[in-house]
Amino acid sequence: MNPQPAAATPATGREPGLQLSCGYGTDRGLRRELNEDSFIASDPVFAVADGMGGHEAGEIASGICVRTLAGMPQLATGERTATAAVVQQYLVSADERIRTATGSRAGTTLSGVVVVEQMGAPYWLVMNIGDSRTYRLSQGEFAQVTVDHSEVQELVDAGEITREQAAVHPRRHVVTRALGTGDETEADYWLLPVEEGDRIMICSDGLNAELTDDHMFRILSTVGHPQDAVDALIQAALRSGGRDNVTVIVVDAKNVMNDAGTDTAPRPAAGVEDEDTLPRTRVLDSTEVQDITEVDTEELPEAPGAVLPADAPESANQSVTDAEGRHNGLK
């Protein structure tokens, strides 16, 4: 994997305050023919989509998802004014577009953060649908923020199996929510204050299926630059087997200011197989999707920064990394 520079998020037109830097990367893995992952890393939206469906066009589903999110006007203006309701509207639009494009035969998970501001203070608006994940390293504490929408997570919640058993359970790849297929497309949301020095990691399950939380924590807490951390995480996943596509975004926050113009106070520090991800439910006809006002992303401006659908042409991939870099598995 060739080293790549981190994607510096644009700060033009903003008052002095929160500064973000990020690294990103994706790899087809060692056993997959296609890379069905897509991602967007452009302030204020950072998200990973993991397509489902294999040759049924999972890469198309994840690509439609990130391109729809790229149509959010906040990416063009640089404003951090989005809300969960706005994000959900775009996800419903992505769901409809995926169903239309694939005949409801393919879908995608989605996890990530949108940086928002309320009363002058910055927050991580974390979103999740499916089993891709968002983690947070804050003041020395590393924790998974999102909760998987999967059959094994339901079994863990019910106390029927342990987390360790879930990692090898034969139904671990079956998700209970997704965009483009299934009954439920509502994302879960969390609103977390941005703390000085926060590090957010977003990944497809090709990472956390290969690495334990302790392994990911060691890399994230010892590798300084976000792009170097991304590269180290992907390489570690490949060394551990690389049985699935793996995509990682790492976002660092510094110069965090509250509405009074002072630094926010830090929180106290706290003392696989080859199966593809599958939807649990039978697909619905696209006419059964709840009707809302459609957001036509094709008529909205393109987002700055990195927006990489898995089905992007090679020339589009080269705008983020060279054609022989870690994106060489993309379609």
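The structure we're discussing is the one just above.
As the structure is a computational prediction, the values presented were derived from the model and not from experiment. (Residues numbered from 1 in each chain as written. Predicted model: local features only at pLDDT ≥ 70, side-chain atom pairs only at ≥ 80, totals over all residues. Heavy atoms only, no water.)

(A) Quick peek at the packing of aromatic side chains. The final tally for this structure, using the stated rule, is three aromatic pairs. Considering the side-chain rings of Tyr24 and Phe39, the 5.4 Å spacing of their centres and the 40 degrees angle between planes classify their relative orientation as tilted. Here Tyr24, found in strand E2 (residues 19-27), pairs with Phe39, found in strand E3 (residues 37-42); they are 15 residues apart in sequence, far enough to count as distant. A single burial state applies to Tyr24 and to Phe39, both of which are buried. Taking 5.2 Å as the distance between ring centres and 10 degrees as the angle between the ring planes, the aromatic pair formed by Tyr135 and Phe142 counts as stacked. Ring pairs connect the aromatic residues Tyr135, Phe142 and Phe217, which therefore count as one cluster. (Phe/Tyr/Trp six-rings, centres within 6.5 Å; stacked < 30°, edge-to-face > 60°. Helix = DSSP H or I, 4+ residues; strand = E, 2+ residues; numbered from the N terminus. Buried < 20%, exposed > 50% of the residue type's maximum accessible area, 1.4 Å probe, protein only.)

(B) Local environment of helix H1 (residues 58-70). The terminal C-alpha atoms of H1, which comprises 13 residues, lie 19 Å apart, in line with the 18 Å expected from a rise of 1.5 Å per residue. Among the 13 residues of H1, 11 are classified as buried, and the element is accordingly described as predominantly covered. All of the buried residues in H1 are Gly58, Glu59, Ala61, Ser62, Gly63, Ile64, Cys65, Val66, Thr68, Leu69 and Ala70. (Expected span 1.5 Å × (residues − 1).)

(C) Summary view of the pattern of salt bridges. Scanning all chains against the criterion turns up nine salt bridges. One salt bridge connects Arg80 with Asp43, and the closest N-O pair in it is separated by 2.7 Å. Linking Arg80 in the loop between helix H2 (73-77) and helix H3 (84-102) with Asp43 in the loop between E3 and strand E4 (45-52), this pair joins segments that are 37 residues apart in sequence. By relative accessible area, which is 6% here, Arg80 ends up buried. (Salt bridge = Lys/Arg side-chain N within 4 Å of Asp/Glu carboxyl O.)

(D) Fine view of helix H8 (residues 226-239). Over its 14 residues, H8 extends 20 Å from the first C-alpha to the last, a length consistent with the 20 Å expected when each residue adds 1.5 Å. Burial within H8 is extensive, with 10 of its 14 residues counted as buried. Those residues of H8 that fall on the buried side of the exposure criterion are Pro226, Gln227, Ala229, Val230, Asp231, Leu233, Ile234, Ala236, Ala237 and Leu238. Where the residues of H8 are buried, they touch E2, strand E11 (199-203), helix H6 (205-208), helix H7 (213-222) and strand E12 (246-254). Following H8 by one or two positions, Gly241 has its phi on the positive side, about 140 degrees. (Contact = heavy atoms within 4.5 Å.)

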